[in-house]
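Observations on the three-dimensional arrangement
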Amino acid sequence: MNTSLFIQQFGPLILIFAIFYFLIIRPQQKREKERRNMLNSLQEGDEIITIGGIFGRILNIKDDVVTLEVGDKVKIKVTRSAIGNVIKKAEKET
């Protein structure tokens, strides 16, 4: 009898949590993992867009600081986490 009462009271709450987990938490964790992988695989020569919308090509990566070329002889330094997306990976030389 107590088990039935427990399921009636807490069953909907458990169901809502399960739906919340699979629709919100898990996809967010997957996106964060993909972003970490993208940031860790950055290399010199990649063309990127920063979170602020600046297009550039990676000239140098040192720890958490990335030097970008955004125009002719125009360089800026940004943190690695400020990179929003990789447009084109650098072609590997063989």
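Up top you'll find the structure we're talking about.
A brief report on the enclosed structure follows. (Residues numbered from 1 in each chain as written. Predicted model: local features only at pLDDT ≥ 70, side-chain atom pairs only at ≥ 80, totals over all residues. Heavy atoms only, no water.)

**Here's the deal with the overall build of the protein chain**
Threshold: Strands here are runs of E lasting at least two residues and helices are runs of H or I lasting at least four, both read from the DSSP assignment and numbered beginning at the N terminus. Radius of gyration here is computed from C-alpha atoms only, and the compact-globule reference equals 2.2 Å multiplied by the residue count raised to the power 0.38. Accessible area is worked out with a 1.4 Å probe on protein chains only. A residue is then buried under 20% of its type maximum, exposed over 50%, and partly exposed in between. Contacts were defined at the residue level, with two residues in contact if any of their heavy atoms lie within 4.5 Å.
Along the protein chain, the regular secondary structure elements total one helix and five strands. For the protein chain, the sequential pattern of α-helices and β-strands runs α-β-β-β-β-β. Relative to the 2.2 N^0.38 estimate, which gives 12 Å for 94 residues, the radius of gyration of the protein chain is 22 Å and therefore markedly larger than a compact globule would have. C-alpha atoms of the protein chain, sized along the principal axes, occupy 75 × 30 × 20 Å. Going through the 94 residues of the protein chain one by one, you find that 17% of them count as buried. A separation threshold of at least 6 residues defines the contact pool for the protein chain, and within that pool the share at least 24 residues apart is 40%.

**Digging into the nonpolar core**
Basically, it comes down to this: To qualify as a nonpolar core, a set must consist of buried Ala, Val, Leu, Ile, Met, Phe, Trp, Tyr and Cys residues joined through side-chain atoms within 4.5 Å.
Met38, Leu39, Leu42, Ile48, Ile58, Val66, Leu68, Val78, Ile83 and Val86 together form the largest nonpolar core, which totals 10 residues. Elements that contribute at least two residues to this core include exactly α1 (2-40), β3 (65-71) and β5 (83-88). Excluding anything up to four places from it in sequence, Val78 contacts Asp64, Val65, Val66 and Leu68.

**Brief notes about unusual backbone geometry**
You will see that Asp63, though not glycine, has its phi angle at about 55 degrees, which is positive. Among the secondary structure elements, Asp63 is positioned in the loop between β2 (55-62) and β3. Even without a glycine there, the phi angle at Lys73 is positive, about 60 degrees. Turning to its location among the elements, Lys73 is positioned in the loop between β3 and β4 (74-79).

**Some points on the packing of aromatic side chains**
This is how the line gets drawn: Pairing of aromatic side chains here covers Phe, Tyr and the six-membered ring of Trp, requires ring centres within 6.5 Å, and sorts the geometry by plane angle: under 30 degrees stacked, over 60 edge-to-face, intermediate tilted.
Scanning the model with the defined rule gives two aromatic pairs in all. Considering the side-chain rings of Phe6 and Phe10, the 5.1 Å spacing of their centres and the 40 degrees angle between planes classify their relative orientation as tilted. Of this pair, Phe6 and Phe10 both sit in helix α1, four residues apart, which is roughly one turn of that helix. For Phe10, a relative accessible area of 38% translates into the label partly exposed. Residues Tyr21 and Phe22 carry aromatic rings whose centres are separated by 5.1 Å and whose planes lie at 80 degrees to one another, so their mutual orientation is edge-to-face. A residue is classified by how much of its surface remains accessible, and Tyr21, at 29% relative accessible area, is partly exposed.

**A short note on the environment of Ile76**
Examined against the element boundaries, Ile76 turns out to sit in strand β4. With 10 residues separating them along the chain, Ile76 and Val66 place their C-alpha atoms 8.3 Å apart. In this view, Ile76 contacts Ile54, Val66, Thr67, Leu68 and Val70; residues no more than four positions away in its chain are not counted.

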